[in-house]
Amino acid sequence: MTGASPLVRCDAVRRVYRAGAAELVALRDVGCAVGARELIAVTGPSGSGKSTLLHLLAGLDRPTAGSVCWPALQHPLRPSGIAVVFQGPSLLAPLDVAENVALPLLLLGADDREAREQAMRALERVDMADLAGRLPEELSGGQAQRVAVARALVSGPRLILADEPTGQLDQASAGQVIDLLVEAARSLGAALVVSTHDAGVAGHFPVRWRMDHGSLVAGAA
Ligand code: ADP
Ligand code: MG
(Lines give C-alpha, C1' and ligand atoms only; values in the text may rest on other atoms or scores of the structure.)
(Ligands and ions follow the chains in the order given, each with its own letter.)
Protein backbone atom coordinates (compact mmCIF):
# COMPACT_ATOMS: atom_id res chain seq x y z
CA MET A 1 0.00 0.00 0.00
CA THR A 2 1.19 3.51 -0.75
CA GLY A 3 0.17 6.99 0.31
CA ALA A 4 -1.55 8.32 3.41
CA SER A 5 -4.68 6.91 5.03
CA PRO A 6 -5.76 3.56 3.65
CA LEU A 7 -9.38 3.13 2.59
CA VAL A 8 -9.61 0.06 4.79
CA ARG A 9 -7.23 -1.66 7.17
CA CYS A 10 -7.37 -4.99 9.02
CA ASP A 11 -5.25 -5.63 12.09
CA ALA A 12 -4.87 -9.11 13.61
CA VAL A 13 -8.27 -10.08 12.29
CA ARG A 14 -9.76 -13.39 13.30
CA ARG A 15 -13.18 -14.63 12.23
CA VAL A 16 -14.59 -17.74 13.82
CA TYR A 17 -17.88 -19.27 12.68
CA ARG A 18 -19.74 -21.19 15.35
CA ALA A 19 -22.27 -23.91 14.70
CA GLY A 20 -23.40 -25.37 18.02
CA ALA A 21 -20.26 -26.54 19.80
CA ALA A 22 -18.23 -26.62 16.61
CA GLU A 23 -15.93 -23.75 15.71
CA LEU A 24 -14.45 -23.02 12.34
CA VAL A 25 -11.63 -20.51 12.08
CA ALA A 26 -12.21 -18.83 8.71
CA LEU A 27 -9.61 -16.07 9.17
CA ARG A 28 -6.59 -16.10 11.45
CA ASP A 29 -4.35 -13.16 12.26
CA VAL A 30 -5.01 -11.31 9.02
CA GLY A 31 -3.38 -7.91 8.55
CA CYS A 32 -3.82 -5.94 5.35
CA ALA A 33 -4.62 -2.51 3.98
CA VAL A 34 -6.08 -1.17 0.74
CA GLY A 35 -4.89 2.23 -0.43
CA ALA A 36 -6.58 4.64 -2.80
CA ARG A 37 -6.67 3.42 -6.42
CA GLU A 38 -5.03 0.06 -5.67
CA LEU A 39 -6.00 -2.89 -7.89
CA ILE A 40 -5.74 -6.11 -5.89
CA ALA A 41 -6.61 -9.73 -6.62
CA VAL A 42 -7.21 -12.02 -3.64
CA THR A 43 -6.42 -15.57 -4.68
CA GLY A 44 -6.66 -18.90 -2.88
CA PRO A 45 -8.56 -22.16 -3.09
CA SER A 46 -12.19 -22.57 -2.21
CA GLY A 47 -12.66 -22.36 1.56
CA SER A 48 -9.47 -20.35 2.17
CA GLY A 49 -11.38 -17.34 3.51
CA LYS A 50 -11.65 -14.98 0.53
CA SER A 51 -15.38 -14.24 0.88
CA THR A 52 -15.08 -13.84 4.63
CA LEU A 53 -12.28 -11.31 4.14
CA LEU A 54 -14.18 -9.33 1.50
CA HIS A 55 -17.31 -9.20 3.66
CA LEU A 56 -15.24 -7.80 6.53
CA LEU A 57 -13.58 -5.24 4.24
CA ALA A 58 -17.07 -4.18 3.10
CA GLY A 59 -18.33 -3.80 6.66
CA LEU A 60 -20.96 -6.49 6.03
CA ASP A 61 -19.54 -8.66 8.80
CA ARG A 62 -17.51 -8.09 11.96
CA PRO A 63 -14.34 -9.81 13.13
CA THR A 64 -14.43 -12.13 16.15
CA ALA A 65 -11.15 -10.52 17.26
CA GLY A 66 -8.87 -7.84 15.88
CA SER A 67 -10.08 -4.75 14.07
CA VAL A 68 -11.23 -3.48 10.71
CA CYS A 69 -11.27 0.28 10.16
CA TRP A 70 -11.89 2.64 7.26
CA PRO A 71 -9.63 5.64 7.94
CA ALA A 72 -10.46 7.39 4.65
CA LEU A 73 -14.13 6.39 4.41
CA GLN A 74 -15.41 7.90 7.63
CA HIS A 75 -19.11 8.05 8.25
CA PRO A 76 -20.95 8.39 11.55
CA LEU A 77 -22.59 4.97 11.38
CA ARG A 78 -20.81 2.84 8.81
CA PRO A 79 -18.16 3.25 6.13
CA SER A 80 -19.41 5.07 3.04
CA GLY A 81 -18.24 4.94 -0.56
CA ILE A 82 -17.98 1.14 -0.78
CA ALA A 83 -19.67 -0.92 -3.50
CA VAL A 84 -19.86 -4.70 -3.58
CA VAL A 85 -20.28 -7.12 -6.50
CA PHE A 86 -21.26 -10.64 -5.45
CA GLN A 87 -20.54 -13.95 -7.13
CA GLY A 88 -24.06 -15.10 -7.84
CA PRO A 89 -27.23 -13.45 -9.03
CA SER A 90 -27.78 -10.34 -6.92
CA LEU A 91 -30.23 -8.26 -8.96
CA LEU A 92 -33.69 -7.73 -7.50
CA ALA A 93 -36.08 -9.86 -9.58
CA PRO A 94 -39.13 -7.53 -9.70
CA LEU A 95 -37.09 -4.50 -10.80
CA ASP A 96 -35.92 -3.96 -14.37
CA VAL A 97 -32.26 -3.38 -15.21
CA ALA A 98 -32.40 0.42 -14.98
CA GLU A 99 -34.30 0.29 -11.69
CA ASN A 100 -31.77 -2.14 -10.23
CA VAL A 101 -28.92 0.20 -11.16
CA ALA A 102 -30.75 3.30 -9.92
CA LEU A 103 -31.57 1.74 -6.55
CA PRO A 104 -28.35 2.67 -4.66
CA LEU A 105 -28.89 6.32 -5.66
CA LEU A 106 -32.54 6.27 -4.59
CA LEU A 107 -31.45 4.83 -1.24
CA LEU A 108 -28.98 7.70 -0.92
CA GLY A 109 -31.83 10.18 -1.46
CA ALA A 110 -31.50 11.06 -5.17
CA ASP A 111 -34.71 11.98 -6.97
CA ASP A 112 -36.14 9.56 -9.53
CA ARG A 113 -35.10 11.45 -12.65
CA GLU A 114 -31.54 12.08 -11.56
CA ALA A 115 -31.18 8.43 -10.42
CA ARG A 116 -32.50 7.17 -13.75
CA GLU A 117 -30.16 9.40 -15.77
CA GLN A 118 -27.14 8.28 -13.81
CA ALA A 119 -28.26 4.66 -14.06
CA MET A 120 -28.44 4.98 -17.85
CA ARG A 121 -24.94 6.48 -17.95
CA ALA A 122 -23.61 3.59 -15.84
CA LEU A 123 -25.36 1.10 -18.12
CA GLU A 124 -23.77 2.73 -21.16
CA ARG A 125 -20.35 2.19 -19.61
CA VAL A 126 -20.96 -1.55 -19.40
CA ASP A 127 -22.67 -1.63 -22.83
CA MET A 128 -26.04 -2.63 -21.37
CA ALA A 129 -28.13 0.49 -22.03
CA ASP A 130 -30.08 -1.32 -24.75
CA LEU A 131 -31.40 -3.80 -22.20
CA ALA A 132 -32.39 -1.21 -19.58
CA GLY A 133 -36.04 -2.31 -19.64
CA ARG A 134 -35.40 -6.03 -19.22
CA LEU A 135 -36.03 -8.01 -16.07
CA PRO A 136 -33.09 -9.87 -14.48
CA GLU A 137 -34.58 -13.25 -15.49
CA GLU A 138 -34.30 -12.18 -19.13
CA LEU A 139 -30.51 -11.73 -18.93
CA SER A 140 -27.62 -14.16 -19.42
CA GLY A 141 -25.22 -14.65 -16.51
CA GLY A 142 -22.64 -12.38 -18.11
CA GLN A 143 -25.21 -9.65 -18.83
CA ALA A 144 -26.53 -9.81 -15.27
CA GLN A 145 -23.03 -9.45 -13.91
CA ARG A 146 -22.40 -6.41 -16.13
CA VAL A 147 -25.55 -4.86 -14.69
CA ALA A 148 -24.23 -5.65 -11.20
CA VAL A 149 -21.03 -3.83 -12.16
CA ALA A 150 -23.07 -0.82 -13.34
CA ARG A 151 -24.95 -0.84 -10.03
CA ALA A 152 -21.61 -0.85 -8.20
CA LEU A 153 -20.30 2.11 -10.21
CA VAL A 154 -23.36 4.29 -10.16
CA SER A 155 -22.77 5.89 -6.78
CA GLY A 156 -19.12 6.74 -7.54
CA PRO A 157 -17.56 4.50 -4.88
CA ARG A 158 -13.96 4.86 -3.71
CA LEU A 159 -13.63 1.16 -2.97
CA ILE A 160 -15.13 -1.63 -5.09
CA LEU A 161 -15.11 -5.15 -3.63
CA ALA A 162 -15.97 -7.98 -6.00
CA ASP A 163 -16.25 -11.49 -4.58
CA GLU A 164 -15.54 -14.01 -7.35
CA PRO A 165 -17.53 -11.89 -9.80
CA THR A 166 -16.66 -14.24 -12.64
CA GLY A 167 -17.09 -17.53 -10.76
CA GLN A 168 -20.21 -18.52 -12.71
CA LEU A 169 -19.25 -17.13 -16.11
CA ASP A 170 -17.62 -18.61 -19.20
CA GLN A 171 -14.15 -17.37 -20.02
CA ALA A 172 -15.16 -14.72 -22.55
CA SER A 173 -17.81 -13.15 -20.26
CA ALA A 174 -15.41 -13.41 -17.32
CA GLY A 175 -12.76 -11.46 -19.22
CA GLN A 176 -15.27 -8.74 -20.13
CA VAL A 177 -16.47 -8.36 -16.54
CA ILE A 178 -12.92 -8.09 -15.20
CA ASP A 179 -11.97 -5.56 -17.90
CA LEU A 180 -15.06 -3.49 -17.05
CA LEU A 181 -14.28 -3.54 -13.33
CA VAL A 182 -10.65 -2.51 -13.85
CA GLU A 183 -11.60 0.17 -16.36
CA ALA A 184 -14.33 1.53 -14.08
CA ALA A 185 -12.06 1.57 -11.04
CA ARG A 186 -9.41 3.44 -13.03
CA SER A 187 -11.83 6.04 -14.39
CA LEU A 188 -13.51 6.60 -11.02
CA GLY A 189 -10.16 6.69 -9.23
CA ALA A 190 -11.47 3.88 -7.01
CA ALA A 191 -9.58 0.99 -5.47
CA LEU A 192 -10.68 -2.48 -6.57
CA VAL A 193 -10.33 -5.75 -4.68
CA VAL A 194 -11.41 -8.86 -6.58
CA SER A 195 -11.35 -12.36 -5.12
CA THR A 196 -10.82 -15.22 -7.51
CA HIS A 197 -9.50 -18.76 -7.63
CA ASP A 198 -8.70 -18.25 -11.32
CA ALA A 199 -5.03 -17.51 -12.02
CA GLY A 200 -5.96 -15.98 -15.38
CA VAL A 201 -8.17 -13.40 -13.67
CA ALA A 202 -5.54 -12.68 -11.01
CA GLY A 203 -3.01 -12.02 -13.77
CA HIS A 204 -4.85 -8.80 -14.66
CA PHE A 205 -3.95 -7.26 -11.28
CA PRO A 206 -0.70 -5.57 -10.30
CA VAL A 207 -1.07 -6.65 -6.65
CA ARG A 208 -1.97 -10.21 -5.64
CA TRP A 209 -2.75 -11.43 -2.14
CA ARG A 210 -2.88 -15.16 -1.49
CA MET A 211 -5.07 -16.83 1.13
CA ASP A 212 -4.46 -20.28 2.53
CA HIS A 213 -6.55 -21.88 5.29
CA GLY A 214 -7.64 -18.50 6.64
CA SER A 215 -4.21 -16.87 6.58
CA LEU A 216 -3.02 -14.18 4.23
CA VAL A 217 0.20 -15.87 3.22
CA ALA A 218 1.54 -13.56 0.54
CA GLY A 219 1.25 -10.14 -0.96
CA ALA A 220 -0.29 -7.88 1.68
CA ALA A 221 2.12 -5.20 2.87
P1 ADP B 1 -13.70 -18.82 0.12
O2 ADP B 1 -14.48 -17.60 -0.26
O3 ADP B 1 -12.21 -18.68 -0.07
O4 ADP B 1 -14.22 -20.04 -0.56
P5 ADP B 1 -15.04 -18.55 2.68
O6 ADP B 1 -14.62 -17.27 3.29
O7 ADP B 1 -16.36 -18.63 2.05
O8 ADP B 1 -13.87 -19.05 1.70
O9 ADP B 1 -15.01 -19.68 3.80
C10 ADP B 1 -13.91 -19.87 4.69
C11 ADP B 1 -14.27 -21.01 5.62
O12 ADP B 1 -15.34 -20.61 6.46
C13 ADP B 1 -14.74 -22.27 4.89
O14 ADP B 1 -14.26 -23.39 5.60
C15 ADP B 1 -16.24 -22.18 4.97
O16 ADP B 1 -16.82 -23.45 4.97
C17 ADP B 1 -16.45 -21.49 6.30
N18 ADP B 1 -17.66 -20.66 6.34
C19 ADP B 1 -17.94 -19.61 5.53
N20 ADP B 1 -19.13 -19.05 5.86
C21 ADP B 1 -19.60 -19.75 6.92
C22 ADP B 1 -20.77 -19.65 7.73
N23 ADP B 1 -21.69 -18.70 7.53
N24 ADP B 1 -20.91 -20.56 8.75
C25 ADP B 1 -19.99 -21.51 8.98
N26 ADP B 1 -18.85 -21.65 8.25
C27 ADP B 1 -18.66 -20.79 7.23
MG1 MG C 1 -15.97 -17.34 -1.66
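Cut-offs applied
- Residues numbered from 1 in each chain as written.
- Chains lettered and ligands numbered in written order.
- Predicted model: local features only at pLDDT ≥ 70, side-chain atom pairs only at ≥ 80, totals over all residues.
- Heavy atoms only, no water.
- pLDDT = per-residue confidence, 0-100.
- Helix = DSSP H or I, 4+ residues; strand = E, 2+ residues; numbered from the N terminus.
- Core = buried A, V, L, I, M, F, W, Y, C linked by side-chain atoms within 4.5 Å.
- Buried < 20%, exposed > 50% of the residue type's maximum accessible area, 1.4 Å probe, protein only.
- Contact = heavy atoms within 4.5 Å.
- Polar contact = N/O pair within 3.5 Å; in protein donor to acceptor, adjacent residues only side chain to side chain.

With that settled, consider the confidence of the model for the protein chain. Taken residue by residue, the protein chain gives an average pLDDT of 92. The fraction at 70 or more is 97%. Mean pLDDT values over the elements of the protein chain span from 86, in helix H6 (residues 199-202), up to 97, in strand E7 (residues 191-195).

On to the nonpolar core, then. Counting residues in each nonpolar core, the largest one holds 44 residues, and the members touching the most others are Leu-123, Leu-181, Leu-192 and Phe-205. At eight residues, helix H5 (residues 171-188) tops the list of elements feeding residues into this core. Aside from chain neighbours lying at most four places away, what touches Leu-123 is Val-97, Ala-98, Val-101, Met-128, Ala-129, Ala-132, Val-147 and Ala-150. The next biggest cluster of nonpolar side chains, apart from the first, holds 25 residues, and it includes Val-13, Ala-58, Leu-161 and Val-193.

Here the focus is helix H2 (residues 97-107). Buried within H2 are the following residues: Val-97, Ala-98, Asn-100, Val-101, Ala-102 and Leu-105. Of the surrounding secondary structure, the elements contacted by the buried residues of H2 are helix H3 (112-125) and helix H4 (141-153). N-capping of H2 is provided by Asp-96, with a side-chain oxygen placed 3.1 Å from the backbone N of Ala-98. Positive backbone phi, at 105°, marks Gly-109, one or two positions downstream of H2.

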